[in-house]
Amino acid sequence: MHVLIIGAAGMIGRKLTERLLGERQLNGKTLSRCTLFDVVEPLRVESAGIDVEVVTGDLSLPGVADQLLNTKPNVIFHLAAIVSGEAEQDFEKGYRINLDGTRNLLEAIRIAGTQPQLIFTSSIAVFGAPLPEPIPDDFHQTPLTSYGTQKAICELLISDYSRTGFVQGVALRLPTICVRPGKPNAAASGFFSSIIREPLSGQTAILPVNDDVLHWHASPRAAVNFLQHASSLSAQQLGPQRAVTLPGVAVTVGEQIAALTRVAGPEVSSRIIRQPDPFVQSIVAGWPRCFAAKRARNLGFVVEKSFDEIIRVHIEDELAGVFA
């Protein structure tokens, strides 16, 4: 089996790569080849017995997607995107990367005629206020950001290209992935991770929103599990609805901080500094907060049971069990 990971240099891309190359299989099929693609060079991973090719390029440029499809991948994980805050501040770049790149990929797949599986990372940003709680699986898409609009358009394209038989596609509406390791990125949701990650590392963290902000979370470990599980689903299981709202843990920012206090102690949680940011607050105000996610659970997707568990996953996976 040949797997292509687009966006392999990103956090989830790196973790998915490590998982697949470590297990050397996907859904019981032996992994014989893996192509890692991103705009910057993905981290090279040594893996005996598997042909690993590292490719750099911009998927939004003509011909790049066609070259990737010439290698005839069986399964494609499309994780590449610019994040919400950056997409909102740079309108042209957001549409070029998040929409044009995906459209180029789908057209390359159609022209190649190989009918691969495509697992696309969408977002709960495809929904926008006013919203019921919890949001049902059949609720309409009303994105209130350019990022959410770009993801919603990609979902429709994947559905249509799947309906016509060019690809076996599924779009996963990921919760906010928390706690993200590494340095902060330009995502408007980045503070959800930073108020946990930085205090656990002995640093202060800025909280730009109020404690009563409710949001939908899953860990990076759960995100990789989501991707792997999605690749095991058949067209019959998915049916005509190719976008799936994934399960998550709904907690307020205040509940996040309380969980941090329970897991790591008050000295750690005291490192959070409240500093309101009107720009971030305006974006967050229109975000969805809580989902039913019944369809995803029926399809076998599993997430953590509490935010305490999400914090413990971060300590175990990223801090070797030790925090400051």
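Residues numbered from 1 in each chain as written. Predicted model: local features only at pLDDT ≥ 70, side-chain atom pairs only at ≥ 80, totals over all residues. Heavy atoms only, no water.

S.K.: How do you make sense of the layout of surface pockets when you look at a structure like this?
M.R.: For the second largest pocket, the calculated volume is near 290 Å³. Lining the second largest pocket are 16 residues, with Gln141, Arg173, Gln241, Arg242 and Ala243 sitting closest to its centre. Those elements giving two or more residues to the lining of the second largest pocket turn out to be helix 5 (146-163), strand 12 (243-245) and helix 12 (294-298). Its residues assigned to classes, the lining of the second largest pocket comprises 6 nonpolar, 4 polar and 6 charged. (1 Å grid on protein atoms, 1.4 Å probe; cavity = no way out; pocket = protein on both sides within 12 Å on 5 of 7 lines; lining within 4 Å. Points joined across faces, edges and corners; volume = space filled by probe spheres on them. Helix = DSSP H or I, 4+ residues; strand = E, 2+ residues; numbered from the N terminus. Nonpolar A, V, L, I, M, F, W, Y, C, P; charged D, E, K, R; others polar.)

S.K.: What is the right way to look at the pattern of salt bridges in this model?
M.R.: Oppositely charged side chains can pair when the atoms bearing their charge come close. Scanning the entire structure with this criterion turns up 16 salt bridges. In this structure, Glu133 engages Arg289 in a salt bridge whose closest nitrogen and oxygen atoms are separated by 2.3 Å. Linking Glu133 in the loop between strand 7 (117-123) and helix 5 with Arg289 in the loop between helix 11 (278-284) and helix 12, this pair joins segments that are 156 residues apart in sequence. Looking at Glu133, the relative accessible area reads 46%, which means it is partly exposed. The partly exposed category is assigned to Arg289, whose relative accessible area is 34%. When the shortest N-O distance is used, the salt bridge between Arg163 and Asp160 registers 2.6 Å. You can see Arg163 and its partner Asp160 sitting in helix 5, 3 residues apart, about one turn around the helix. Via salt bridges that share partners, Arg33, Asp51 and Glu53 belong to a single interconnected network. (Salt bridge = Lys/Arg side-chain N within 4 Å of Asp/Glu carboxyl O. Buried < 20%, exposed > 50% of the residue type's maximum accessible area, 1.4 Å probe, protein only.)

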